[in-house]
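# Structural features, examined
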Amino acid sequence: MDRAKPFSIPKREVWEAYNRVKANKGASGVDGQSIAEFEKDLENNLYKLWNRMSSGSYFPPPVRRVDIPKGDGRKRPLGIPTVADRIAQMVAKRYLEPILEPYFHPNSYGYRPKKSAVQALGAARKNCWRYDWVLDLDIRGFFDNIDHGLLMHAVRKHTDCKWVLLYIERWLKAPAQLEDGMLEERDKGTPQGGVVSPLLANLFLHYALDMWMDRRFPTIPFERYADDVICHCKTERQAKYLLVAIERRLAECNLEVNPQKTKIVYCKDDNRKGGCPNEKFDFLGFTFRPRLAKNRKGNLFVNFTPGVSNKAAKEMRQAMRGWRLHMCSGKSLDDLARMVNPILRGWLNYYGSYCRSALFPTFECLERILSKWAARKYKRFRRRRKPARHWLRRISRRQPGLFVHWQLLYSAAEQ
């Protein structure tokens, strides 16, 4: 029966794609169907999806448009597919990713197997030590402006699989449904929030930027995480020349540099004389700037290195306040620790990768919240925040692992 279908898509692939989508969770699409609701008739739903994809009759529904606030007051549009469409996209991604992955540039770190943001940060830190100048590049509305024709040309360069080409074209053209129910047609771009979108975006910039950099500027190292790009130059003049060249290159690919966010930065440290109006930049939630550090002999020196950015730290503090732990007077301290430790561990593992001390003010905010909780829970601490803080400090000595952040916060203070 399977052989009668125009496209040979194994049922097992649809099942594996469903498991991946389930693990990633995610919000519902335009049909309002959650993963739990999809699972109520799982076997039938997966069969119908496989049947449509295999017969060529699968047409993706519109993506649900959601605007996410950005730090600069603007909004980032996300396109959320339905659960079934996410599974369909995952089937295509699982087919296409092993084909494309060997071709991708080693300096591309975003949304790739065995690549991570921490690796990109480590490479950027080393290159900032070796090169005096950085071009911090921002591409204006990259995901919303990807040229469909150029993208499909790149996809066809790597596969002639008819069903993959057919459905990628349909996903690119699928409209977005706005909050008022109106449909917005698309003739360019790939929606952020789609399962296959990061892979397609990487493929586009692989040819638009990565390979072009290798041909035109083979001696200039760079790190790219999706559309976040950092280039390292020996001189300011070289950085300015590179910026003009990249502007021309992106224009050829129907993209443009955002002049408000793109800047040339001097990686100031003890060994670099002079100065520049820009001596810091943000990359992947970290701020690279001159910081005091200790060498092996214990002597202080100025080093250009990353630490958690003010924006990321602010978002963490807002999340902590949103937990409203001080209102949980019915909970024990152990209960609070179980509630927040998974999140704290994730923050510490990522933002503690470099310059952990930059996290101290953020975790001090959590200590104030816990002191406020203790003051509400125990009468002896009411209107007396300092004794509550001392009480927490005594517990941290007895149980340093109770809260994930305590070992960082207090072990450094006692050294």
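Our structure's up above, just so we're on the same page.
A few points on the structure. (Residues numbered from 1 in each chain as written. Predicted model: local features only at pLDDT ≥ 70, side-chain atom pairs only at ≥ 80, totals over all residues. Heavy atoms only, no water.)

Helix and strand counts for the protein stand at 14 helices and 11 strands. The principal-axis extents of the C-alpha atoms in the protein amount to approximately 75 × 60 × 40 Å. When burial is assessed residue by residue, the protein has 49% of its 415 residues classed as buried. Here the contacts in the protein between residues at least 6 apart in sequence split such that 68% fall between residues at least 24 apart. Summed over its atoms, the accessible surface of the protein is roughly 21,700 Å², and 49% of this surface lies on carbon and sulfur atoms. Mean positive and mean negative side-chain charge positions of the protein (77 and 44 charges, respectively) differ by 9 Å. (Helix = DSSP H or I, 4+ residues; strand = E, 2+ residues; numbered from the N terminus. Buried < 20%, exposed > 50% of the residue type's maximum accessible area, 1.4 Å probe, protein only. Contact = heavy atoms within 4.5 Å. Areas by Shrake-Rupley, 256 points an atom, 1.4 Å probe, with all protein chains shown as cover. Lys, Arg positive; Asp, Glu negative; His and termini not counted. Charge placed at Lys NZ, Arg CZ, Asp CG, Glu CD.)

So, on to the layout of surface pockets. In this approach the atoms are scanned with a rolling probe the size of a water molecule, which exposes any empty space left behind. Counted as a void, the largest pocket has a volume near 1,700 Å³. Going through the elements one at a time, β1 (63-69), β2 (75-80), β3 (133-138), α8 (197-216), β7 (228-233), β9 (281-283), α10 (310-323) and α11 (333-351) are the ones with two or more residues in the lining of the largest pocket. No other element matches the five residues that α10 contributes to the lining of the largest pocket. Of the residues assigned to the lining of the largest pocket, the class counts are 19 nonpolar, 11 polar and 17 charged. For the second largest pocket, the calculated volume is near 300 Å³. (1 Å grid on protein atoms, 1.4 Å probe; cavity = no way out; pocket = protein on both sides within 12 Å on 5 of 7 lines; lining within 4 Å. Points joined across faces, edges and corners; volume = space filled by probe spheres on them. Nonpolar A, V, L, I, M, F, W, Y, C, P; charged D, E, K, R; others polar.)

Judged by nonpolar contacts, the single largest core of 72 residues is most densely connected at Ile87, Trp163, Met213 and Ile246. The dominant element in this core, judged by the number of residues it contributes, is α8, at 10 residues. In this view, Met213 contacts Pro218, Ile220, Phe222, Cys231, Leu242 and Ile246; residues no more than four positions away in its chain are not counted. In terms of nonpolar packing, the next biggest core, distinct from the first, is built from 56 residues, Leu392, Phe403, Val404 and Trp406 among them. (Core = buried A, V, L, I, M, F, W, Y, C linked by side-chain atoms within 4.5 Å.)

Below, the discussion takes up the pairing of β1. Examined bridge by bridge, β1 and strand β4 (residues 176-177) share two bridges and lie parallel to one another. Paired with Arg64 across the two strands is Gln177, which belongs to β4. (Pairing = 2+ DSSP bridges.)

A few words on the environment of Leu183. Among the secondary structure elements, Leu183 is positioned in strand β5 (residues 183-184). Sequence separation between Leu183 and His153 is 30 residues, and the spatial gap between their C-alpha atoms is 27 Å. Not counting residues within four places of it along the chain, the set of residues in contact with Leu183 comprises Pro62, Pro175, Ala176 and Gln177.

Right, let's get into the sheet that holds β9. Ordered by their spatial adjacency, three strands build an open sheet running β9-β10-β11, and the pairing between neighbours is antiparallel. Of all the strands in the sheet, the pair left with one neighbour each is β9 and β11 (300-308). The mean angle between the axes of side-by-side strands here comes to 50°, regardless of whether they run parallel or antiparallel. Across three bridges, the pairing between β9 and strand β10 (residues 286-294) is antiparallel. Bridging from a neighbouring strand, Phe281 pairs with Phe288 of β10. (Axes fitted to C-alpha atoms, helices over the stretch in contact; angles between N-to-C directions.)

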